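A closer look at the structure
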Amino acid sequence: MLLKLEEKRFAGGGAVLGNLQLELGEGEFLALLGPSGAGKTTLLRILAGLDTKFSGALEHHGTSPRLGYLFQEARLMPWLTARQNVSLVVDGDTDRASAALESVGLAEAAQRYPHQLSGGMQRRVALARALVGEPQLLLLDEPFVSLDQPNAAELRSQLLAYWQRARPTIVLVSHDLREALTLADRVCFLGGSPAGLVHEVRPSMEHPRDPDGMALRELFERLLVEHPRLLSGELGEGL
Amino acid sequence: MASAATSGLARLASLAGFFLVWQLVVWIAAPALLPGPIEVFERLLSQWLSGDLPTHLAVTMARVFGSFFFAMLLGFALGVLLGHSHRADLALDGVLTVALNIPALVVIILCFIWFGLNEVAVIVAVVLNKAPTMTVIFREGVRAIDRDLLEVGTVYGLSRRRRFLRIYLPQLYPYFLAATRSGLALVWKIVLVVELLGCSEGLGFQLGVFFQYFDITGILAYTFAFVVLILLIEGLLVRPWERAVLKWRA
């Protein structure tokens, strides 16, 4: 799919996103990085078709893709059990919902309500819900933020395993460069005001990548040496 | 469930205590204007067996449920409209405030004058009295709807129908419960007044007759029948519904 964005502004405010073109190949794993307030979530919402009030065009090859969207918050229905929350998006198919919950390690929690689950578990339910429908386009908004390290590492490897098996197109919004380099094929940096894409790298190491491995560390350091203010959204020249 | 059984017992005990005290007061002080519970029960039984009480009760219940249904329908429709449309809310807010505060008696009298002494007048009078509070309840409910959850339905391509039934409506269930509770309580009272003023059947009419004859036993017997009915509706309909709907909060 191809997004040709001219401008996105919210009512009564300046432009958040400026001229920007983003092409997504089928089965591509893209990570979007940028400082907070750069419009990462807004961009994701535009890609999801949730936000249509922008100037520009969103083009799909053929029909619009089946979506999976992991919001920043879990967004579970409090009156539905974990399994009902997952089966809600697959026409009440309980078997598939159970399988999806099992794949995120929550088989025992299927009958519990969201308020009986920890924050990390709620995220996993939301991930199960995002994956259960076999999405063609999977949008992830900071999915691992505020999770403890082992939990986050576990979910990352589950996500990667799913991507390698089912090959959906993935857009991952993150502010963690190491995470982005570990998971994605292509890392885009958002910055400026109004924001645009300022830089792009394509990590080509084999999966699964070791976040503390040599190759990744080298890429990480080279990026930050060349563009020390990249994570603030500025491409400025380094040493 | 031990706690439920205990609380049920406690409720029963407090009721029994009330009747006991009442009977004792009547025995000891023998007040002229207060018959004892035994006398009231006897009258209740004879009224029931004669068929008078069931007839009046059935007529009143039909009016209560009919007007409750229409008040709910109107209140829900208006509440959803006002909750979603700021413009409609501005336009109707003044009318709503007036409707909320106009005395029930005024509406009842006007309805009888305009529509005549018939069932239409009864239903319209009760609906006009009750719908405004329901509108306010549903307006609050609609305003509290979590749009983030609705977005989940959009993203995952749920049909309109499914989004409405599985994501929108469940968020309003607590408001349906509140509207039912406050609604039934008020609708009963208004229906009785309407019947007292302009009907020739129903509990309110019969209470008026008893009043004219100064028949306190009759009044208490009918009141008692009425209270039992309300407790049955609460216990057999509203409470189980509430439990089913709010199960997740437990």
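Residues numbered from 1 in each chain as written. Chains lettered and ligands numbered in written order. Predicted model: local features only at pLDDT ≥ 70, side-chain atom pairs only at ≥ 80, totals over all residues.

Further remarks concern the overall build of chain B. Of the regular secondary structure elements, chain B holds ten helices and zero strands. In sequence order, chain B lays out its α and β elements as α-α-α-α-α-α-α-α-α-α. Counting only C-alpha atoms and orienting by the principal axes, one finds that chain B spans roughly 70 × 55 × 30 Å. For chain B, with 250 residues in total, the buried portion stands at 28%. For chain B, contacts bridging at least 24 residues in sequence account for 71% of all contacts bridging at least 6. (Helix = DSSP H or I, 4+ residues; strand = E, 2+ residues; numbered from the N terminus. Buried ≥ 20, exposed ≤ 12 C-beta atoms within 10 Å, placed from the backbone. Contact = placed C-beta atoms within 7 Å.)

Turning to the overall build of chain A, a few remarks are in order. Helix and strand content of chain A: seven helices and ten strands. Computed over C-alpha atoms, the radius of gyration of chain A comes to 18 Å, within 12% of the 18 Å expected from 2.2 N^0.38 for 239 residues, which places it in the range of a compact globule. C-alpha atoms of chain A, sized along the principal axes, occupy 55 × 45 × 35 Å. Sorting the 239 residues of chain A into buried and exposed places 40% on the buried side. Taking the intrachain contacts of chain A between residues at least 6 apart in sequence as the baseline, contacts between residues at least 24 apart amount to 67%. (Rg over C-alpha atoms; globule rule 2.2 N^0.38 Å.)

Let us now look at helix H4 (residues 86–101) of chain B. Residues and elements named next belong to chain B. End to end, H4 covers 22 Å across 16 residues, agreeing with the expected 22 Å (1.5 Å per residue, within 8%). For H4, the principal kink sits at Leu92 and spans about 45°. Burial analysis of H4 places just zero of its 16 residues in the buried class, a small minority of the element. (Expected span 1.5 Å × (residues − 1). Bend = angle between axes of the 7 residues up to and from the residue.)

Turning next to the confidence of the model for chain B. Taken residue by residue, chain B gives an average pLDDT of 92. The fraction at 70 or more is 98%. Scored as a whole, the predicted complex attains pTM 0.84, and scored at its interfaces, ipTM 0.88. (pLDDT = per-residue confidence, 0-100.)

Residue and element names in this part refer to chain A. Inspection of the secondary structure assignment puts Met214 in helix H7 (residues 214–226). Met214 gets classed as exposed once you count the C-beta atoms within 10 Å, which come to 9. Here the alpha-carbon distance between Met214 and Ser146, two residues 68 residues apart in the chain, equals 26 Å.

This part is about the sheet that holds strand E6 (residues 67–70) of chain A. Residue and element names in this part refer to chain A. Ordered by their spatial adjacency, six strands build an open sheet running E6-E7-E8-E4-E9-E10, and the pairing between neighbours is mixed. Both outer strands of the open sheet, E6 and strand E10 (196–201), are each paired with one neighbouring strand and no more. Adjacent strand axes in the sheet meet at a mean angle of 20° when their direction is disregarded. Pairing geometry for strand E9 (residues 186–191) and E10, over five bridges, is antiparallel. Residue pairing in the sheet places Val187 in a bridge with Val201 of E10. (Pairing = 2+ DSSP bridges. Axes fitted to C-alpha atoms, helices over the stretch in contact; angles between N-to-C directions.)

Glancing now at the packing of helix H5 (residues 104–115) of chain B against helix H8 (residues 160–198) of chain B. Helix packing for two helices is described by the angle between their axes and how far apart those axes are. Residue and element names in this part refer to chain B. Axis separation between H5 and H8 bottoms out at 10 Å; the angle between their running directions is 45°. It follows that H5 is oblique to H8 by the angle criterion. Of the two elements, H5 crosses H8, and the hand of that crossing is right-handed. On the side of H5, the interface is formed by Ala104, Ile108 and Phe112, while H8 contributes Ile190, Val193, Val194, Leu197 and Gly198. Across the contact of H5 with H8, the residue classes tally to seven nonpolar, one polar and no charged. (Parallel < 35°, antiparallel > 145°, perpendicular 65-115°, else oblique. Left-handed = near helix turned anticlockwise from the far one by under 90°. Nonpolar A, V, L, I, M, F, W, Y, C, P; charged D, E, K, R; others polar.)

Bringing the nonpolar core into the picture now. The biggest cluster of nonpolar side chains holds 69 residues, and the ones touching the most others in it are Ala31, Leu32, Val86, Leu101, Ala128, Leu139 and Leu172 of chain A. Looking at this core, the element that brings in the most residues is helix H4 (residues 119–132) of chain A, giving seven residues. When near neighbours in sequence (up to four residues on either side) are disregarded, Leu172 of chain A contacts Ala31, Leu32, Leu140, Ala180, Leu183 and Ala184 of chain A. One finds Phe68, Val122, Ala131 and Tyr175 of chain B within the second-largest nonpolar core, a separate group that totals 38 residues. (Core = buried A, V, L, I, M, F, W, Y, C linked by C-beta atoms within 7 Å.)

The subject of this paragraph is the pairing of strand E7 (residues 137–141) of chain A. Residue and element names in this part refer to chain A. The buried count for E7 comes to five of five residues, which makes it a mostly enclosed element. Side chains of E7 alternate between two faces, with Leu137, Leu139 and Asp141 and Leu138 and Leu140 buried alike. Taking the sense of rotation as the criterion, the β-α-β connection linking E7, helix H5 (residues 149–166) and strand E8 (residues 169–174) turns out right-handed. (Right-handed = clockwise from strand over helix to strand, strands pointing away.)

A few words now on unusual backbone geometry. All names here are of chain A. Between Ser193 and Pro194 the backbone carries a cis peptide bond, its omega angle lying at -5°. By the secondary structure assignment, Pro194 is in the loop between E9 and E10. That bond from His207 to Pro208 is cis: its omega, -10°, falls within 30 degrees of zero. Structurally, the position occupied by Pro208 is in the loop between E10 and H7. In this structure, Arg75 takes a positive phi of about 55° despite not being glycine. Following the sequence through the fold, Arg75 ends up in the loop between E6 and helix H2 (82–87).

The next thing to look at is the packing of H4 of chain B against helix H6 (residues 119–143) of chain B. All names here are of chain B. Axis separation between H4 and H6 bottoms out at 8 Å; the angle between their running directions is 130°. It follows that H4 is oblique to H6 by the angle criterion. For the element pair H4 and H6, the recorded crossing hand is left-handed. The residues of H6 that touch H4, namely those facing Leu96, Ala99 and Leu100, are Pro132, Thr133 and Thr135.

What follows concerns H6 of chain B. Over its 25 residues, H6 of chain B runs 35 Å from end to end, which matches the ideal 36 Å to within 8%, given 1.5 Å per residue. Largest kink in H6 of chain B: about 35°, centred on Ala131 of chain B, with the proline Pro132 of chain B one to four residues after it.

Along the chain, the position of Thr223 of chain B falls in helix H10 (residues 216–245). Its 14 C-beta neighbours within 10 Å are what place Thr223 of chain B among the partly exposed residues.

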